[in-house]
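What follows is each chain in one-letter form.
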Amino acid sequence: QVQLVESGGGLVQPGGSLRLSCAASGNIFSINAMGWYRQAPGKQRDMVSTITSGGSTNYADFVEGRFTISRDNAKSTVYLQMNSLKPEDTAVYYCKVTTYVGPGWRHYWGQGTQVTVSS
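Residues numbered from 1 in each chain as written. Predicted model: local features only at pLDDT ≥ 70, side-chain atom pairs only at ≥ 80, totals over all residues. Heavy atoms only, no water.

Topic: the sheet that holds strand E3 (residues 18–26)
The condition is simple: At least two bridges found by DSSP between two strands is the condition for calling them paired. Secondary structure elements are taken from DSSP: a helix is a run of H or I of four residues or more, a strand is a run of E of two residues or more, and numbering for both begins at the N terminus. To obtain an axis, a line is fitted to C-alpha atoms, over the contacting stretch when the element is a helix, and the angle between two such axes runs from 0 to 180 degrees between their N-to-C directions.
With antiparallel pairing, the four strands of this open sheet are ordered in space as E1-E3-E8-E7. Each edge of the open sheet carries a strand with a single partner, namely strand E1 (2–7) and strand E7 (67–72). Averaged over all neighbouring strand pairs, the angle between strand axes comes to 15°, with direction disregarded. The sheet contact formed by E7 and strand E8 (residues 77–82) spans six bridges and is antiparallel. Each bridged residue has a counterpart across the sheet, and for Ile69 the counterpart in E8 is Leu80.

Put into structure tokens, the structure is as follows:
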């Protein structure tokens, strides 16, 4: 019902910035929340930031004020502006969309985009 296309990953130096984008298509009317998660090799997938349909935002503690999540309702797109990047931010970043329609919750994941922070 929902398809996600991610972009914006790449290689950046420590202290640099990067903006991730995730565009949703399909049954976008049913979207309740969108967010970003990340997963480093051999580690669990962690929530980075989420934004609800009501505009409420949430950030992981490790963000430390460096990231900002935003959305463009007209384009059904969620962004993650990442500043002051650290090597420990290196991971695959996944866009997630949650819908609630019919029998219940459904979760959709993007393909992931690699973010590498290295000098």
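So that's the structure; there's more coming.
Focus on unusual backbone geometry
Threshold: The rule is simple: take the accessible area with a 1.4 Å probe, protein chains only, and divide by the maximum for that residue type; under 20% is buried, over 50% is exposed, in between is partly exposed.
The backbone phi angle of Ser76 is positive, close to 50°, even though this residue is not glycine. If you trace the backbone, Ser76 turns up in the loop between E7 and E8. Classification of Ser76 as buried rests on a relative accessible area of 13%. Although it is not a glycine, Ser84 adopts a positive phi angle of roughly 50°. Here Ser84 shows up in the loop between E8 and strand E9 (91–101).

Details of the packing of aromatic side chains
Applicable threshold: What counts as a ring pair is set by centres within 6.5 Å for rings of Phe, Tyr and Trp (its six-membered ring), and what kind of pair is set by the plane angle: stacked under 30 degrees, edge-to-face over 60, tilted for all other angles. Working rule: Lys NZ or Arg CZ, within 6 Å of ring centre, within 35 degrees of ring normal, means a charge sits over the ring.
For the structure on display, the rule yields three aromatic pairs. Look at Tyr37 and Trp109: their rings are 5.1 Å apart centre to centre, the planes differ by 70°, and that puts the pair in the edge-to-face class. Of this pair, Tyr37 sits in strand E4 (residues 31–39) while Trp109 is found in strand E10 (residues 104–109), placing the two residues 72 residues apart along the sequence. Ring-pair connections join several aromatic residues into one group, and the members of that group are Tyr37, Tyr94 and Trp109. Note that Arg45 overlies the ring of Tyr94, its terminal NZ or CZ placed 3.7 Å from the centroid. Here the guanidinium or amino end of Arg45 rests over the ring plane of Trp109, the centre of that ring lying 4.6 Å away.

Examining the pairing of E4
Across eight bridges, the pairing between E4 and E9 is antiparallel. Within E9, the residue paired with Arg38 across the bridge is Tyr93. Pairing analysis gives six bridges linking E4 to strand E5 (residues 46–52), with the strands arranged antiparallel. Within E5, the residue paired with Ala33 across the bridge is Thr52. Hairpin connection, E4 to E5: the antiparallel pair is bridged by six residues, and Gly42 has positive phi, about 75°.

Considerations on the pairing of E1
Residues Val2, Leu4 and Glu6 point to one face of E1 and are all buried, whereas Gln3, Val5 and Ser7, pointing to the other face, are not buried. Note that E1 and E3 share six bridges and pair antiparallel. From the neighbouring strand, Val5 faces E3, where its bridge partner is Ala23.

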